[in-house]
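Survey of secondary and tertiary structure
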Amino acid sequence: MADTISIRPAREGDAPGIARVHLASWQTTYRGIVPDDILDHLTLGDYEPRWRQRLTSAEIASGVECTFVAEEIASSTIVGFAHGAPTRPTRSEAANAIIQRIPL
């Protein structure tokens, strides 16, 4: 069986696909936890600029942070992503980095 998903480092042009997955994951995962009115009014416009900025940030360019995408090979559709970064100062000293997001 041929591979159907490819994992690769994210690029700036992936911002719309990452935003789509991020938005969908919020709207499904937090339904019943976060008020529907809030979830129903989230848009790609809320997410895409942030991802475009994140993917072109100095932290990504220097390797301090990293984002990977899961991409369906046949359609080149992003179906998931993971973002990692150093821990925040308020976090435990036991770890020096964390995966911040991994919506699929």
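Quick summary incoming for the structure in this document. (Residues numbered from 1 in each chain as written. Predicted model: local features only at pLDDT ≥ 70, side-chain atom pairs only at ≥ 80, totals over all residues. Heavy atoms only, no water.)

This brings us to unusual backbone geometry. A positive phi angle, near 55°, is found at S76, a position not held by glycine. By the secondary structure assignment, S76 is in the loop between strand 2 (66-72) and strand 3 (77-86). (Helix = DSSP H or I, 4+ residues; strand = E, 2+ residues; numbered from the N terminus.)

This part takes up helix 3 (residues 44-55). The α-helix advances 3.6 residues per turn, and as a result positions three or four apart in sequence lie on the same side. The terminal C-alpha atoms of helix 3, which comprises twelve residues, lie 16 Å apart, in line with the 16 Å expected from a rise of 1.5 Å per residue. Taken together, the buried positions of helix 3 are occupied by Y47, W51 and L55. The buried residues of helix 3 occupy one face: seen down the axis, they fall within an arc of 55°. Within helix 3, the exposed residues directed more than 90 degrees away from the buried face are G45 and Q53. (Expected span 1.5 Å × (residues − 1). Buried < 20%, exposed > 50% of the residue type's maximum accessible area, 1.4 Å probe, protein only. Arc of directions from axis to C-beta.)

Bringing the environment of P9 into the picture now. Along the polypeptide, P9 turns up in strand 1 (residues 5-9). Each C-alpha atom of the pair P9 and A82 lies 9.6 Å from the other, and the pair is 73 residues apart in sequence. Among residues more than four places away in sequence, those in contact with P9 are D14, T67 and F68. (Contact = heavy atoms within 4.5 Å.)

What follows is about the nonpolar core. Inside soluble globular proteins, nonpolar side chains tend to come together where they are buried. Among the nonpolar cores identified, the biggest contains twelve residues, and these are A10, A15, I18, A19, V21, L23, Y47, W51, L55, V69, I78 and F81. At the level of secondary structure, the elements contributing two or more residues to this core comprise helix 1 (15-29), helix 3 and strand 3. Looking at which element gives the most residues to this core, the answer is helix 1, with five residues. Not counting the four nearest positions on each side in its chain, A10 is found in contact with I18, L55, T67, F68 and V69. (Core = buried A, V, L, I, M, F, W, Y, C linked by side-chain atoms within 4.5 Å.)

With that out of the way, let us pick up the pattern of salt bridges. Summed over all chains, the structure comprises five salt bridges. Salt bridges here are not isolated pairs; linked through shared partners, they connect R8, D14 and E71. (Salt bridge = Lys/Arg side-chain N within 4 Å of Asp/Glu carboxyl O.)

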